[in-house]
Structure formats: C-alpha cells, structure tokens
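Descriptive analysis of the structure
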Amino acid sequence: RSYHQLKLAEPEQNTGPRGIDRGTVVVFGRNVVLKSNETAEAVVVLFGNATIEGRVRDALVTIGGDGIVNGKVNEAVSILGSLKIGEHGKVRNETVAVAGDIDIRGSAGREVVAVLGDVKAGKGTHLHEVVSVGGHVETEDGVTIDRQPAEVDLGGITKSLRTWLWQCVLKL
C-alpha cells in the first residue's frame, strides 16, 4: 500500500461496538448519510443534503441543501435550505435556518430561529424559545413553548427575498 492509500483509509475508524467514527465530514455537491452506527465530530455539506441517523458531536451545517436529523446533533444550521427534525431526532442547543424552513417532530434544542422561513412544530413537541424573522411559527395541538414565540413580519417579501438570495449564490 502506498502512503496515499493509507491516508484515504484513516478517516473511518472502527470504534468497536459503538460503531464507526467518521471524524469531520465535509463534502461538496453530493448528499451525505450518517448511519445509525456512525458518529462524526461535525458534518458540513455544500450544495447537497445531509441525513443524520447517528450522532454528530458538534454541528450539522448545510449550505444550499437540506438537513434531516433522525439521530442526535449538538447544533443544526442550514443556509439556503431547510431543516427537518424527525420524531426520534434531537438537537441539543440551537436549530437555525436562514432562507429555509424548520419542521420539528422531535427535540430542537433551546433556541429555534428561522430567518426568511417558517417554524412548524409537530404534536407533542416541547420548545424553549422560537423566533421567525420573515416567516411564521405554526404549531399543532399539544405543542409546548416555554417563551412566547416571536414573529418579525417583513411585509410579505420573504419568498422573493429567498429566491433572490438563492440566485445570488448560484451566480457566484
């Protein structure tokens, strides 16, 4: 084996019964799935989607794509994309989407913030603090929010501004 081949094999380390530690995952232009038996320090996806079934010790970040959390992450951020926290998903601290929506069925952390997007909380969800700038906070029956949700109205320009931002990124 050459040094180059050994170097490529290093990021995925078998940690025994706990599964595979993928270290820090950074990809461009494709989707990422972190399986239920996998952990990562951080997952960053540019122009692709990320699905987390396992555990991310720090942050899940998507830019130009969506993030789906069915496992556990410390923080979830999506820019020009949406976040979906599944029934079994858990975000420990912040859940933030810029120019995207947040759909919560599980646990979304202490602060949930959508800028130019909506926050939708499913039945039985418990949230601490929710802010939507240029969008709305929508809740189903049985949702508990510790603090009064904050909505900042931008006068109906949200969809146009989201489209404009996306077009600006594509033309870079």
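Since we're looking at a predicted model, the values are computed, not measured.

1. Considering unusual backbone geometry
Although it is not a glycine, L80 adopts a positive phi angle of roughly 60 degrees. Positionally, L80 belongs in the loop between strand 10 (72–79) and strand 11 (83–85). Judged by relative accessible area, which is 14%, L80 ranks as buried. Backbone geometry at A99 places phi at a positive 60 degrees, although glycine is not the residue there. Along the polypeptide, A99 turns up in the loop between strand 13 (94–98) and strand 14 (102–104).

2. Looking at the pairing of strand 3 (residues 24–28)
The side-chain alternation of strand 3 yields one buried face, formed by V25 and V27, and one unburied face, formed by T24, V26 and F28. As judged from the 5 bridges shared by strand 3 and strand 6 (residues 42–46), these two strands associate in the parallel manner. Paired with T24 across the strands is A42, a residue of strand 6.

3. Section: the pattern of salt bridges
Taken as a whole, this structure holds 6 salt bridges when the rule is applied. Among the salt bridges present, the one from E38 reaches R22, with a minimum N-O distance of 3.4 Å. Of this pair, E38 sits in strand 5 (residues 38–40) while R22 sits in the loop between strand 2 (20–21) and strand 3, and the two are 16 residues apart along the sequence. In terms of burial, E38 and R22 fall into one category: buried. Of the charged contacts, one joins D103 and R105 as a salt bridge, the two residues approaching to 3.5 Å between their closest N and O atoms. In this structure R105 comes out as partly exposed when scored by relative accessible area, which is 33%. One salt-bridge network, in which partners are shared between bridges, spans D21, E41 and R57.

4. Examining the sheet that holds strand 9 (residues 67–69)
Sheets are built from strands that pair by backbone hydrogen bonding, the pairs being arranged parallel or antiparallel. The sheet built from 7 strands is open, its strands ordered 4-7-9-11-14-16-19 with parallel pairing. At either end of the open sheet lies a strand with only one pairing partner, and these are strand 4 (32–34) and strand 19 (137–139). Each strand of the sheet is rotated relative to its neighbour by a mean of 10 degrees, with strand direction disregarded. Sheet topology places strand 14 next to strand 16 (residues 119–121); 3 bridges connect them, and they run parallel.

5. Quick look at the nonpolar core
Ranked by internal contacts, the top residues of the largest apolar core, which has 30 residues, are V43, V73, I104, V112 and L127. Not counting residues within four places of it along the chain, the set of residues in contact with V112 comprises T95, I102, I104, V119, L127, E129, V130 and V131.

6. As for a positive patch on the surface
A cluster of like positive charges, contributed by R55, K72, K90 and R92, occupies part of the molecular surface. Among the secondary structure elements, K72 is positioned in strand 10.

About the criteria used
- Residues numbered from 1 in each chain as written.
- Predicted model: local features only at pLDDT ≥ 70, side-chain atom pairs only at ≥ 80, totals over all residues.
- Heavy atoms only, no water.
- Helix = DSSP H or I, 4+ residues; strand = E, 2+ residues; numbered from the N terminus.
- Buried < 20%, exposed > 50% of the residue type's maximum accessible area, 1.4 Å probe, protein only.
- Pairing = 2+ DSSP bridges.
- Salt bridge = Lys/Arg side-chain N within 4 Å of Asp/Glu carboxyl O.
- Axes fitted to C-alpha atoms, helices over the stretch in contact; angles between N-to-C directions.
- Core = buried A, V, L, I, M, F, W, Y, C linked by side-chain atoms within 4.5 Å.
- Contact = heavy atoms within 4.5 Å.
- Patch = residues over 30% accessible without salt bridge, like charges linked within 9 Å, V, L, I, M, F, W, Y side chains within 5 Å.
- Areas by Shrake-Rupley, 256 points an atom, 1.4 Å probe, with all protein chains shown as cover.
- Lys, Arg positive; Asp, Glu negative; His and termini not counted.
- Charge placed at Lys NZ, Arg CZ, Asp CG, Glu CD.

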